[in-house]
Amino acid sequence: MIDLLENCILQIGEYYAEMRGHVRKIFSVTVKDGKVERMSRGLNKGACARVLIDGSWGFSSTTIINKRSLLRLLRDSKLLAESSKPKKRRFVKIASVQPHIDRYETSMKRDPRREALERLLEEALEADEEAHGYSKSVVSTSISLSVVDDELYFVSSEGARIMQRIVRCFGGASVIAKSNGRIASAYESIGSQAGLEVFEETPIGEAALEAAKRAVRLAPKRVVPGGYSDVVLENRIVGLLAHEAVGHTAEADLVYGGSFLSGKVGRKIASEMITLVDDGLLPSGFGTMKYDDEGTPTERTVIIDKGVVKGFMHSRETATQFGTAPTGNARAWNFEYDPIIRMRNTYIEPGDQTLEELIGDVNDGYFLRGGGGGQADFNGEFMFSIQEAVKIRNGELRESYRGAAISGNAFEVLNKVKGVGRDFAIRVGICGKEQPNYVGIGGPSLRTELLLGGS
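Residues numbered from 1 in each chain as written. Predicted model: local features only at pLDDT ≥ 70, side-chain atom pairs only at ≥ 80, totals over all residues. Heavy atoms only, no water.

Draft legend 1. Structural detail: the pattern of salt bridges. As enumerated under the stated definition, the model contains 35 salt bridges in all. Between Glu105 and Arg165 there is a salt bridge, and its shortest N-O distance comes to 3.1 Å. Of the two residues, Glu105 sits in strand S4 (residues 101–105) while Arg165 sits in strand S6 (residues 161–179), which places them 60 residues apart along the sequence. A network of salt bridges, in which partner residues are shared, links Glu188, Glu210, Arg214, Arg217, Glu234, Arg236, Arg369 and Glu388. (Salt bridge = Lys/Arg side-chain N within 4 Å of Asp/Glu carboxyl O. Helix = DSSP H or I, 4+ residues; strand = E, 2+ residues; numbered from the N terminus.)

Draft legend 2. Highlighting helix H2 (residues 67–84). Over its 18 residues, H2 extends 26 Å from the first C-alpha to the last, a length consistent with the 26 Å expected when each residue adds 1.5 Å. Looking at H2, one finds that the buried residues are Ser69, Leu70, Leu71, Leu73, Leu74, Ser77, Ala81 and Ser84. Tucked inside the fold, the buried residues of H2 contact helix H1 (2–9), strand S1 (16–32), strand S2 (35–53) and strand S3 (56–62). One side-chain oxygen at the N-terminal end of H2 lies 3.2 Å from the backbone nitrogen of Arg68; it belongs to Asn66. (Expected span 1.5 Å × (residues − 1). Buried < 20%, exposed > 50% of the residue type's maximum accessible area, 1.4 Å probe, protein only. Contact = heavy atoms within 4.5 Å. Polar contact = N/O pair within 3.5 Å; in protein donor to acceptor, adjacent residues only side chain to side chain.)

Draft legend 3. The environment of Met273, seen in detail. Note on placement: Met273 falls in the loop between helix H7 (252–256) and strand S9 (276–279). Taking the relative accessible area as the measure of exposure, Met273 reaches 36% and is therefore partly exposed. As a C-alpha pair, Met273 and Ala389 span 116 residues in sequence and 24 Å in three-dimensional space. In this structure, Met273 is in contact with Val417, Lys418, Gly419 and Val420, ignoring residues within four places of it in sequence.

Draft legend 4. A look at the sheet that holds strand S11 (residues 308–309). Strand order across the open sheet formed by six strands is S11-S10-S9-S14-S21-S20, with mixed pairing between neighbours. For this open sheet the edge positions go to S11 and strand S20 (425–431), each flanked by a neighbour on one side alone. Inspection of the sheet shows S20 paired to strand S21 (residues 437–443) by seven bridges, in the antiparallel sense. Note that in S21 the partner of Ala425 across the bridge is Gly443. Across the face of the sheet, helix H6 (residues 235–246) comes into contact with S9, strand S10 (300–305), strand S14 (345–348), S20 and S21 while running at roughly 125 degrees to S21. (Pairing = 2+ DSSP bridges. Axes fitted to C-alpha atoms, helices over the stretch in contact; angles between N-to-C directions.)

Draft legend 5. Highlighting the packing of aromatic side chains. Here the structure, examined in full by the defined rule, presents ten aromatic pairs. Judged by centre distance (4.2 Å) and plane angle (15 degrees), the rings of Phe260 and Phe411 are stacked. In this pair, Phe260 is assigned in the loop between H7 and S9 and Phe411 in helix H10 (residues 410–415), connecting sequence segments 151 residues apart. A connected cluster of aromatic rings, assembled from ring pairs, spans Phe170, Phe286, Trp333 and Tyr438. Here the basic side chain of Arg24 rests over the ring of Trp333, its NZ or CZ set 4.3 Å away from the ring centre. (Phe/Tyr/Trp six-rings, centres within 6.5 Å; stacked < 30°, edge-to-face > 60°. Lys NZ or Arg CZ within 6 Å of the ring centre and 35° of its normal.)

Draft legend 6. Fine view of the pairing of S14. On S14, burial covers both faces: Asn345 and Tyr347 on one face and Thr346 and Ile348 on the other are all buried. Sheet analysis places S9 next to S14, joined by three bridges and oriented antiparallel. Bridge pairing links Asp278 to Thr346 in S14.

Geometry only, nothing functional implied.
Here it is, written out as structure tokens:
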């Protein structure tokens, strides 16, 4: 495909153009309550073109991959750029980027193309059986495993020629338990950008058993009392906070629109113990790629350095608007979408305290673990569900509560950080900003204060 794209783009006139090809192969299995709910293979293949003429973009895509179709794609993109120019409110300029000729491939020990993926069904069935067998209180389980194998091709009229193969292996275990008329659910996920060795290093059976233990433990418990509390946030919850409540406020298109971080470069907005990074090169990170979908090399972009705002995530377009360099954050879900600014692997850097030390410093509070879903806005206001709240009295863990929720302003929470753990963890995520995309979210455990309530 790369040769075909390059042959077509060589016929472009005196304007900027880029073409992307994308082949996505998916294998997935889902087992629910001992039965195979789904086992599927999928293939999505296509190409797109984006053309910039007199400050206006034109974009078009196709699933027909031949020279005639791709040349028509370029012509359509050019016509769209020309016709949309009168309606554009802003003249688009893109920052200069050295055109790269390169190849990148996920580091793998077990390439999924060389093995029978149907074996994953056995692992899912065994994990389901293990979760159900843990306790009679377990009333429902759902186990899923997936392999996503992406081939990405990028060429530009500037001379770029980039091929990337990105493989992600991941899964999840959801368990519901019932006790004395009360129910509780728990969820555990596994995965990274790697080969099938992921399922050996982090077995789905262990994740399913952990979820079963938590669901059974929480089912008979009371809902957590509400109130402002001293808390220790488990590392997986910190990743959710870093991505949803802070990361989005640092995406340059949202900064341009007036997010909380707009105009705050150089200002202190969090504890000096907090450094927050969006990293495109993190080994095995779920959002790692060597180049973004504009052909820009990715990098380790520091957003907050010891509490001070240092910069934002940029595309080539926003980099020009802000007078800075692009950071390699322009990403597209597939060939049907044009690239927008997206996070890659967003995390808070670890500190030097153990989890036991963080908990030991709390006289009256909670240890919150097992992240759930939630929402946040562009000012950092958030509300997340938490699977389990464990009471801390005089530095010791006591009784557990279910149905917890946390809320507040992320920057106020980060300003009140009293300790940062060294138990760094990063996990898989899918972000839904305008179009979905794979991301990594992570951090260490944190001690801070926030509003805790039952849900």
